[in-house]
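Okay, here's what each chain looks like letter by letter:
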Amino acid sequence: MTSSSTPGPARFNTLADHEAAAALHEVCASAAWGRAILSGRPYATAEALFSASDAATAALGTQDLAEAMAGHPPIGRPKPGDPTSSREQRGMAGATEELKAEMLELNLAYQERFGHVFLICATGATGEQMRDAVKARSGNSPEQERGHVRTELGKINRIRLTRLVTEGE
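The following paragraphs examine the structure supplied in this document. (Residues numbered from 1 in each chain as written. Predicted model: local features only at pLDDT ≥ 70, side-chain atom pairs only at ≥ 80, totals over all residues. Heavy atoms only, no water.)

### Quick notes on the layout of surface pockets
Size it by volume and the largest pocket reaches roughly 300 Å³. Ala 23, Glu 26, Thr 84, Leu 164 and Glu 167 are the residues nearest the centre of the largest pocket, which is lined by twelve residues in total. Counting only elements with at least two residues in the lining of the largest pocket, the list comes to α2 (17–27), α6 (83–88) and α10 (142–166). Here the lining of the largest pocket takes five residues from α2, the largest share from any one element. Its residues assigned to classes, the lining of the largest pocket shows five nonpolar, one polar and six charged. (1 Å grid on protein atoms, 1.4 Å probe; cavity = no way out; pocket = protein on both sides within 12 Å on 5 of 7 lines; lining within 4 Å. Points joined across faces, edges and corners; volume = space filled by probe spheres on them. Helix = DSSP H or I, 4+ residues; strand = E, 2+ residues; numbered from the N terminus. Nonpolar A, V, L, I, M, F, W, Y, C, P; charged D, E, K, R; others polar.)

Structure (structure tokens):
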């Protein structure tokens, strides 16, 4: 991303398409989501950008949602060298070895049941809260869980978009 001093969405609006697309891919790995956000530029306000993100997230098909989830590492195992996943999963950093082992077990069981990574907006959540969430959501039907995943993805996208449009301010 450029180091322009233009604030907020104005800076995002002025990025070259390839720069904006790369920045959006860091927010959400779904190509369809990224195209939808890119095609809506320029955004007058951050709220307009967030609304577009919410609409694009709601419109994701099954394959697009799977693509978005594939961009997220399992809870308790952030991608090495990825400051975003490490920052978002900070609540697991100080977890006991027992809790980390339990989360690994729960993640694997969840993935076996639903066929994808357990997705939760981990920002600000403790390891125990994430553990309790995966336990609670593991009993959902696949349809219920897709709804939860979509909601959590929307929260994550908003947090990441906020960072994108406020970076350097």
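Let us keep going from here.
### Points about the nonpolar core
Side chains of a nonpolar character, in soluble globular proteins, are inclined to be buried together. By size, the foremost hydrophobic cluster in this structure holds 41 residues, and its most contacted members are Phe 12, Trp 33, Ile 37, Ile 75, Met 103, Met 130 and Leu 161. Where this core is concerned, the elements lending two or more residues are α2, α3 (31–39), α4 (46–58), α5 (62–70), α8 (97–114), α9 (127–137) and α10. Per-element tally for this core: the top contributor is α10, with six residues. (Core = buried A, V, L, I, M, F, W, Y, C linked by side-chain atoms within 4.5 Å. Buried < 20%, exposed > 50% of the residue type's maximum accessible area, 1.4 Å probe, protein only.)

### Quick word on the packing of aromatic side chains
The final tally for this structure, using the stated rule, is three aromatic pairs. Between the aromatic rings of Phe 12 and Tyr 43, the centroid separation amounts to 6.4 Å while the plane-to-plane angle is 25 degrees, which identifies the pairing as stacked. Of this pair, Phe 12 sits in helix α1 (residues 8–14) while Tyr 43 is found in the loop between α3 and α4, placing the two residues 31 residues apart along the sequence. Their ring planes at 45 degrees and their centres at 4.7 Å tell us that Tyr 110 and Phe 114 sit as a pair that is tilted. Note that Tyr 110 and Phe 114 are positioned in helix α8 at a spacing of four residues, about one turn of the helix. On the basis of relative accessibility, which here comes to 1%, the residue Tyr 110 falls in the buried class. Linked through ring pairs, Tyr 110, Phe 114 and Phe 118 together constitute an aromatic cluster. The ring of Phe 12 is capped by Arg 41, whose NZ or CZ atom sits 5.4 Å from the centre of that ring. (Phe/Tyr/Trp six-rings, centres within 6.5 Å; stacked < 30°, edge-to-face > 60°. Lys NZ or Arg CZ within 6 Å of the ring centre and 35° of its normal.)

### Considerations on the packing of α8 against α9
For the pair α8 and α9, interaxial distance at closest approach is 10 Å and the crossing angle is 30 degrees. The orientation of α8 relative to α9 falls into the category roughly parallel. Seen from above, α8 lies across α9 with left-handed handedness. Contacts from Leu 99, Glu 102, Met 103, Leu 106, Tyr 110 and Phe 114 in α8 reach Gly 127, Glu 128, Met 130, Arg 131, Val 134, Lys 135 and Arg 137 in α9. When grouped by side-chain class, the residues that make up the contact of α8 with α9 number seven nonpolar, one polar and five charged. (Axes fitted to C-alpha atoms, helices over the stretch in contact; angles between N-to-C directions. Parallel < 35°, antiparallel > 145°, perpendicular 65-115°, else oblique. Left-handed = near helix turned anticlockwise from the far one by under 90°. Contact = heavy atoms within 4.5 Å.)

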